[in-house]
Amino acid sequence: MIETISHPWPWYIAGPAIGLMVPLLLIVLNKSFGVSSSLRHLCAMCSVSKNDYFHYNWKKESWNILFVFGIFLGAVAVNYFLPYDGVVELSRGATEKLAGLGITEHFGLLPEQLFSLEHIGELRTLVIVIVGGFLVGFGTRYAGGCTSGHAIMGLSLLSLGSLVAVVGFFLGGLLMSWFGLPLLLS
Amino acid sequence: MKHLYALILGALFGGILVKAEVLSWFRIQEMFWFESFHMYGVIGSAVVVGAISVFILRRLGTKSISGALINPAPKAFNKTGNLFGGIIFGLGWALTGACPGPLYALVGSGYGIMILTILAAMLGVVAYGAVREKLPH
């Protein structure tokens with residue numbers, strides 16, 4: 001049993017489990033599922049900017065900060081109690097494309113040859129770790145949500161704006177994965 | 001109590017993110033390259049379960065623990081912001097291989113370098129706050 005749940009879950013278990021976060025949050029907290037607004041609340045909490053955008057009662061949204069702290073703790077707990085030492089089992093096509101970009105190490109969840117402090121001085125790591133993060137923060141606030149708030153919660157409410165946002169997510173992602181990343185890693 | 005519940009639900013979500021492997025940079029590239037069904041299956045079935053749940057909760061007039069009627073409002077529709085913001089986020093998602101939820105879960109999975117990505121994301125939010133009135137929404 002422990003072994004079965006320690007192994008990465010197939011999509012038909014993982015997806016519905018994520019979908020159940022929607023009714024759980026509604027029933028328990030009467031809140032809409034969403035993660036990216038936590039970035040704004042964290043900025044407001046730390047008073048990092050004098051801009052009006054950060055002058056609001058973030059304490060009213062403090063559940064969201066605890067929710068993301070919980071995400072961190074849950075990941076720690078799962079990695080400790082239900083460890084999985086195998087590699088991410090990628091499709092052959094993806095493995096070949098990665099090799100074409102010079103990424104041959106598949107240990108863990110991300111390529112350490114790109115994501116490590118040792119390489120932080122290199123342009124490609126800086127772009128991926130820092131510029132990538134900046135775009136995630138800027139983009140999610142401009143769009144008003146991320147994969148959880150728009151793709152899962154928004155589409156669950158059949159919201160047109162969320163559909164437009166999700167189309168945007170994919171346009172941006174396709175551009176980066178097919179053109180930006182190969183250029184950066186070449 | 002509310003805060004404890006939020007923490008527990010967050011932990012549940014964080015654990016699922018790890019086991020679903022949706023926080024893996026490899027899986028995100030695989031998705032955008034159309035090389036695997038995994039991510040589409042995860043997001044698609046999550047939406048189906050979410051939508052059916054909302055429909056049932058509304059239909060039954062379910063109340064939350066606090067006693068308020070559950071009636072989630074969709075986010076405000078702003079075509080330009082949704083699209084342009086979405087594209088900008090998509091570029092970042094494919095670079096870092098992580099959307100906001102996975103960022104926190106990656107730090108919890110031992111990838112301390114993602115703290116820098118979270119700080120950079122906060123900087124992005126500050127930048128958005130500074131220029132938002134000049135942007136079309």
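Quick summary incoming for the structure in this document. In this text the structure is predicted, and so the values were computed from the model without any measurement.

### Some words on the overall build of chain B
Here is step 1: Of regular secondary structure, chain B possesses six helices and zero strands.
Here is step 2: Each helix and strand of chain B, ordered N terminal to C terminal, gives the series α-α-α-α-α-α.
Here is step 3: For the C-alpha atoms alone, the extent of chain B along its principal axes is close to 40 × 40 × 35 Å.
Here is step 4: Within chain B, buried positions represent 58% of all 137 residues.
Here is step 5: Summarising the internal contacts of chain B: among those between residues at least 6 apart in sequence, 45% fall at separations of at least 24.

### Some details on the packing of helix α7 (residues 123-143) of chain A against helix α6 (residues 114-131) of chain B
Here is step 1: Where α7(A) meets α6(B), the axes come as close as 6 Å, and the angle between the chain directions of the two elements is 45°. Between α7(A) and α6(B), the crossing angle belongs to the class labelled oblique. Considering the relative orientation of α7(A) and α6(B), their crossing is right-handed. For the pair α7(A) and α6(B), contact is made by Val129(A), Ile130(A), Gly132(A), Gly133(A), Phe134(A), Leu135(A), Val136(A), Gly137(A), Phe138(A), Arg141(A) and Tyr142(A) and by Leu116(B), Thr117(B), Ile118(B), Ala120(B), Ala121(B), Met122(B), Leu123(B), Gly124(B), Val125(B), Ala127(B) and Tyr128(B), respectively.
Here is step 2: Among the residues forming the contact of α7(A) with α6(B), the class breakdown is 16 nonpolar, five polar and one charged.

### Overview of the packing of helix α4 (residues 37-45) of chain A against α6(B)
Here is step 1: Between α4(A) and α6(B), whose axes approach to 9 Å, the crossing angle comes to 80°. Here α6(B) runs roughly perpendicular to α4(A), going by the angle between their axes. Every residue of α6(B) that contacts α4(A) at Leu39(A), Arg40(A), Leu42(A) and Cys43(A) is listed here: Ala121(B), Met122(B), Val125(B) and Val126(B).
Here is step 2: A breakdown of the residues in the contact of α4(A) with α6(B) according to their chemical character gives seven nonpolar, no polar and one charged.

Rules and cut-offs
- Residues numbered from 1 in each chain as written.
- Chains lettered and ligands numbered in written order.
- Predicted model: local features only at pLDDT ≥ 70, side-chain atom pairs only at ≥ 80, totals over all residues.
- Helix = DSSP H or I, 4+ residues; strand = E, 2+ residues; numbered from the N terminus.
- Buried ≥ 20, exposed ≤ 12 C-beta atoms within 10 Å, placed from the backbone.
- Contact = placed C-beta atoms within 7 Å.
- Axes fitted to C-alpha atoms, helices over the stretch in contact; angles between N-to-C directions.
- Parallel < 35°, antiparallel > 145°, perpendicular 65-115°, else oblique.
- Left-handed = near helix turned anticlockwise from the far one by under 90°.
- Nonpolar A, V, L, I, M, F, W, Y, C, P; charged D, E, K, R; others polar.

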